[in-house]
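One-letter residues, chain by chain:
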Amino acid sequence: LSGLVGSEMCIRDRSTAGQAVQTRMEQLAQEVQGELQPYATAIQTEVQALQQGAATIPADQMNQRRQALQQRVQEAQQLEGTRENELRYTLAEQRRKISEAVEPLLVAVYQEKGCGIMIDRESVFILNPAMDVTDTVIQRLNAQLPTLSFNRMPVPAPVSYTHLTLPTIYSV
């Protein structure tokens, strides 16, 4: 016998935990947008002020204000990039947690059904719906992992190995 299962993405998206992750990620994205909006407003206001005062602002003052504006733009872009990376990392971590919960459930259903092979439904052209175990896996996942609660996560710093000294293999 073989068992067919919807893609892990299908299981994740249809599960209550997957739906909770989607809802929370939308909330976090809105929070980030709210954090970034004042930067965009202040930058736009300064751009307009510089455009309107181009003829009346002394050149040295104009250059200083342009440099300060450029610095604020760079800071805002850096913050936006950091927040986007945090959101991506947070989503990946939540998906990893769901995947870790799904794997043993798939194995259990596979064994219970006496399957010789478990095939992703996305890879099959025609299938017998009675062989699809997706709903069973989702029901068990919903019971085992009904939701996930989380906040935006900072991206871990890359590990640096520069402080390690390597042993000398050959000495001259």
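Note that the coordinates shown come from a computational prediction; the quantities given were computed from them, not determined experimentally.

A. Representation of the overall build of the protein in the model. Secondary structure summary: the protein contains four helices and two strands in total. Along the chain direction, N to C, the helices and strands of the protein fall in the order β-α-α-α-β-α. Classification of the 172 residues of the protein by burial places 28% in the buried group. Within the structure as shown, the protein displays about 11800 Å² of accessible surface, and the carbon and sulfur contribution to it stands at 54%.

B. Focus on helix α3 (residues 59-112). In this model α3 runs 79 Å from its N-terminal to its C-terminal C-alpha over 54 residues, within 8% of the 80 Å that 1.5 Å per residue would give. G114 occupies a position one or two residues after α3 and carries a positive phi of about 65°.

C. How the structure looks around the environment of L105. Turning to its location among the elements, L105 is positioned in helix α3. On the basis of relative accessibility, which here comes to 9%, the residue L105 falls in the buried class. Measuring from C-alpha to C-alpha, the distance between L105 and V137 comes to 6.2 Å, with 32 residues separating the pair along the chain.

D. Representation of the nonpolar core. I98, V137, L141 and L145 are the most contacted members of the largest nonpolar core, which totals 21 residues. Considering every element that reaches this core, the biggest residue donor is α3, with seven residues. The contacts of I98, once residues within four sequence positions are left out, are R12, A17, G18, V21, L141, L145 and L148. Of all hydrophobic cores here, the second largest spans six residues; its members include I43, I57, L69 and A76.

E. Main features of the packing of helix α2 (residues 16-52) against α3. The geometry of α2 relative to α3 is characterised by a closest axis approach of 10 Å and an angle of 175° between their N-to-C directions. One finds that α2 runs roughly antiparallel with respect to α3. Within the contact of α2 with α3, the residues separate by chemical class into 20 nonpolar, three polar and seven charged.

F. The packing of α3 against helix α4 (residues 134-144), seen in detail. The interhelical angle for the contact between α3 and α4, taken along N-to-C directions, is 130°, at an axis separation of 9 Å. Between α3 and α4, the interaxial angle falls into the category oblique. Like other packed secondary-structure pairs, α3 and α4 cross with a definite hand, here right-handed. Contacts between α3 and α4 pair I98, A101, V102, L105, L106, A108, V109 and E112 from the former with T136, V137, R140, L141 and Q144 from the latter.

G. Just the side chain of R83, in detail. With respect to the helices and strands, R83 occurs in helix α3. In this structure R83 touches V32, E35 and R152, once residues within four positions along its chain are discounted.

H. Structural context of the side chain of T90. Looking at the secondary structure, you find T90 in helix α3. Only 2.7 Å separates the side chain of T90 from the backbone oxygen of E86, close enough to count as a polar contact. In contact with T90, other than residues within four places in its own chain, are M25, L28, F150, N151, R152 and M153.

I. View of the pattern of salt bridges. One pass over the structure, following the stated rule, counts 10 salt bridges. For E35, the salt bridge goes to R83, with nearest N and O atoms at 2.9 Å. Pair noted here: E35 is in helix α2 and R83 is in helix α3, with a separation of 48 residues, a long-range link. For R83, a relative accessible area of 14% corresponds to the buried category.

Criteria and cut-off values
- Residues numbered from 1 in each chain as written.
- Predicted model: local features only at pLDDT ≥ 70, side-chain atom pairs only at ≥ 80, totals over all residues.
- Heavy atoms only, no water.
- Helix = DSSP H or I, 4+ residues; strand = E, 2+ residues; numbered from the N terminus.
- Buried < 20%, exposed > 50% of the residue type's maximum accessible area, 1.4 Å probe, protein only.
- Areas by Shrake-Rupley, 256 points an atom, 1.4 Å probe, with all protein chains shown as cover.
- Expected span 1.5 Å × (residues − 1).
- Core = buried A, V, L, I, M, F, W, Y, C linked by side-chain atoms within 4.5 Å.
- Contact = heavy atoms within 4.5 Å.
- Axes fitted to C-alpha atoms, helices over the stretch in contact; angles between N-to-C directions.
- Parallel < 35°, antiparallel > 145°, perpendicular 65-115°, else oblique.
- Nonpolar A, V, L, I, M, F, W, Y, C, P; charged D, E, K, R; others polar.
- Left-handed = near helix turned anticlockwise from the far one by under 90°.
- Polar contact = N/O pair within 3.5 Å; in protein donor to acceptor, adjacent residues only side chain to side chain.
- Salt bridge = Lys/Arg side-chain N within 4 Å of Asp/Glu carboxyl O.

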